[in-house]
Structures are given as structure tokens and as C-alpha cells.
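Listed below are the residues making up each chain.
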Amino acid sequence: MCMVAGLTASAQNIQLHYDFGRNIYTGEEAGRSKVTVTLEQFKADKWGSWFYFVDVDLSSHFTESAYAEISREMNLGTNSPLAAHVEYDGGLSRHGSFQQAGLVGLAYNGHSADFAKTWSVQMLYKQYFKSYDYTHSYASAQLTGVWGLNFMQKKLTFSGFIDFWRGEKDNGHGQLVILTEPQLWYNFNEHFSVGTEWEMSSNFVYNTYNDKSFFLNPTLAVKWNL
């Protein structure tokens, strides 16, 4: 996701999303938070780059959860598009914790001459850890694609990511999990943007209501670039 920043060696923003998921899926996602605050930062240096984001889900009475991903990339050569990628994913919720995972692998990064287009493809080994009762450690793999596109003289930004990874069902059998979150922003100036995010997933949302596995959760959002 670090390539979304693209235009500078260091970028940080905070986003506020109003999520319509629980209004669309009144049964399956009745407990989904309506408001999410996201803080993300990308910082490049002479060896590579750092990236992290934190999603904080809020309700009218509680901070429901905080989920974070932090990654480090080390360039493999001065002008090489390849980088070594190391990542940690995890967080806490009001009811317990997210299952933690560590990832390691390779990234192929690129951009146009003016940085108006950026992209990254990552092939990663993923290790889940036993994080709470009823979970266990297991090996997985993840393929990630990230993109960023600025157009109309930087008034519009289309960015996002897509992940494919091996998850596990309750019976221990493997399953393909897909998650993508494309975003479209209208940039009023270099700091303030208004836009939307569309979370589309398969086998990602924990659903005990029925056998539905695909969900589309749109948001309305504002963003402040620090």
C-alpha cells in the first residue's frame, strides 16, 4: 500500500469513513461499526521504505477495535524495482484480539515518470499465529496488488489494493480469501479530500447468520493529508 503515496518521500494522512455495511446487510453485518478512523503513513529512505496504517472502529459508546499493519521494504539494488518485504498484521477488539500474522517475501514496485501512476505487486509467505482461544498457527501465502492513479490535474485520485490469501474454515480446510478496497477521492487542495471506499470481499467477513460469503461495503469519507 506504500506506493499509493507516490508523490513524496514521506506522506501521512488521516481518514474518517462512514460505513453503510450494516444498513445493507441488516442481518449478516448487524454489528458492523458505522465509523472508522484510519491513520496511515509512508516514509522512504535510502534503503527502502516504511508503511503502516491503523484502522480504529467506533460505535456510539465504545472504541470497538484497532487493527494495524506495518511493513518494511528493503531495496534489492540501486535502481532495481525489486524489494524485500517484511510485515506484521494484528490488533485488538473490545471482545478480544485479531489473529496475528507475519509476512515475508518480494515486492515489485513501479511508477510513471511523473509519479502520477504507481503500482506494486507482492508475493508473500504468511504465517498465522495462535492469538486467542480456538485459533492455531498455520502457514499461508498472499498475493497483493496495489495501485495509485492521479488524473484531471491531480483533482481526482483512484487508489487501492487487492489481496488474495489462503484462509482456513472452522473445520480446518483451506479456502481462498479475497479482499479489495478501491478508493476514489476528489482533492479540493493538497490537504483536504472527499471520497468513497468500496470494500469488496469473499470469505472475509465472519458471518454466522447464513452461508453468504461475498460482501460489498461502501463508505463516504473525508481525508486530511498532513
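Structural data are supplied above this passage.
Residues numbered from 1 in each chain as written. Predicted model: local features only at pLDDT ≥ 70, side-chain atom pairs only at ≥ 80, totals over all residues. Heavy atoms only, no water.

> An account of the overall build of the protein is needed here, citing residue identities and associated values.
From N to C terminus, the protein includes one helix and 14 strands. Relative to its length of 226 residues, the protein is compact, with a C-alpha radius of gyration of 18 Å against a globular reference of 17 Å. When the backbone C-alpha atoms are referred to their principal axes, the protein occupies close to 50 × 40 × 25 Å. In the protein, which comprises 226 residues, the share counted as buried stands at 40%. Nonlocal contacts in the protein, meaning residues at least 24 apart in sequence, comprise 45% of its contacts between residues at least 6 apart. Total accessible area on the protein is roughly 12600 Å²; 63% of this is exposed by carbon and sulfur atoms. (Helix = DSSP H or I, 4+ residues; strand = E, 2+ residues; numbered from the N terminus. Rg over C-alpha atoms; globule rule 2.2 N^0.38 Å. Buried < 20%, exposed > 50% of the residue type's maximum accessible area, 1.4 Å probe, protein only. Contact = heavy atoms within 4.5 Å. Areas by Shrake-Rupley, 256 points an atom, 1.4 Å probe, with all protein chains shown as cover.)

> Report on the pairing of strand 12 (residues 183-187), specifying residues and quantitative values.
The side chains of a regular strand alternate, first on one face of the sheet and then on the other. Burial along strand 12 is one-sided: the face carrying Gln183, Trp185 and Asn187 is buried and the face carrying Leu184 and Tyr186 is not. Across four bridges, strand 10 (residues 156-168) lies against strand 12 in antiparallel orientation. Following the sheet pairing, Phe158 is matched in strand 12 by Leu184. In this structure, strand 12 lies alongside strand 13 (residues 192-202), joined through five bridges in antiparallel fashion. Within strand 13, the position partnered with Asn187 by the bridge is Ser193. (Pairing = 2+ DSSP bridges.)

> Account for a nonpolar patch on the surface, with residues named and values stated.
On the surface, Ile14, Leu16, Tyr186, Phe188, Phe192, Val194, Val222, Trp224 and Leu226 cluster together into a nonpolar patch covering about 770 Å² of accessible area. Those elements that place two or more of their residues in the nonpolar patch are strand 1 (10-19), strand 13 and strand 14 (214-225). In this fold, Trp224 is placed in strand 14. Given a relative accessible area of 41%, Trp224 falls into the partly exposed group. (Patch = residues over 30% accessible without salt bridge, like charges linked within 9 Å, V, L, I, M, F, W, Y side chains within 5 Å. Salt bridge = Lys/Arg side-chain N within 4 Å of Asp/Glu carboxyl O.)

> Now, about the packing of aromatic side chains: what can you tell me, with residues and values included?
Taken as a whole and judged by the stated rule, the model has 10 aromatic pairs. Judged by centre distance (5.3 Å) and plane angle (65°), the rings of Tyr67 and Phe98 are edge-to-face. Here the residue Tyr67 occupies a position in strand 4 (residues 63-75), and Phe98 occupies one in the loop between strand 6 (96-97) and strand 7 (101-111), the gap between them amounting to 31 residues. Considering the side-chain rings of Trp147 and Phe158, the 5.7 Å spacing of their centres and the 45° angle between planes classify their relative orientation as tilted. Here Trp147 is found in strand 9 (residues 138-151), whereas its partner Phe158 is found in strand 10, with 11 residues between them in sequence. In this structure an aromatic cluster arises from ring pairing among Phe51, Phe53, Tyr67 and Phe98. Against the face of Trp165 rests Lys126, its NZ or CZ located 4.3 Å from the ring centre. (Phe/Tyr/Trp six-rings, centres within 6.5 Å; stacked < 30°, edge-to-face > 60°. Lys NZ or Arg CZ within 6 Å of the ring centre and 35° of its normal.)

> Run through the nonpolar core, naming residues and quoting values.
Ranked by size, the top nonpolar core spans eight residues in total: Ala101, Tyr128, Tyr138, Val146, Phe161, Trp165, Val177 and Leu179. Broken down by secondary-structure element, the contributors of at least two residues to this core are strand 9, strand 10 and strand 11 (174-180). (Core = buried A, V, L, I, M, F, W, Y, C linked by side-chain atoms within 4.5 Å.)

> Provide a residue-level description of the environment of Phe20, including the pertinent values.
Within the fold, Phe20 resides in the loop between strand 1 and helix 1 (21-24). Counting along the chain gives 196 residues from Phe20 to Leu216, while the straight-line C-alpha distance between them is 9.5 Å.

> Go over the environment of Glu69, please, and point to the residues and values.
Mapped onto the secondary structure, Glu69 falls in strand 4. Glu69 sits in the buried class, given a relative accessible area of 19%. Measuring from C-alpha to C-alpha, the distance between Glu69 and Tyr88 comes to 5.7 Å, with 19 residues separating the pair along the chain. Once residues lying within four places of it in the same chain are set aside, the contact partners of Glu69 are Phe51, Tyr52, Phe53, Glu87, Tyr88 and Asp89. Side-chain polar atoms of Glu69 contact the side chain of Tyr67, separated by 2.7 Å. (Polar contact = N/O pair within 3.5 Å; in protein donor to acceptor, adjacent residues only side chain to side chain.)

> Go over the pattern of salt bridges with me, naming the residues and quoting the values.
What the rule picks out here adds up to six salt bridges. With its nearest N and O atoms 3.2 Å apart, the salt bridge here joins Arg94 to Glu64. Pair noted here: Arg94 is in the loop between strand 5 (82-93) and strand 6 and Glu64 is in strand 4, with a separation of 30 residues, a long-range link. Overall, Glu64 belongs to the buried group, its relative accessible area being 16%. The partner of Arg166 in a salt bridge is Glu168, with the nearest N and O atoms 3.4 Å apart. The class of Glu168 is partly exposed, set by a relative accessible area of 21%.

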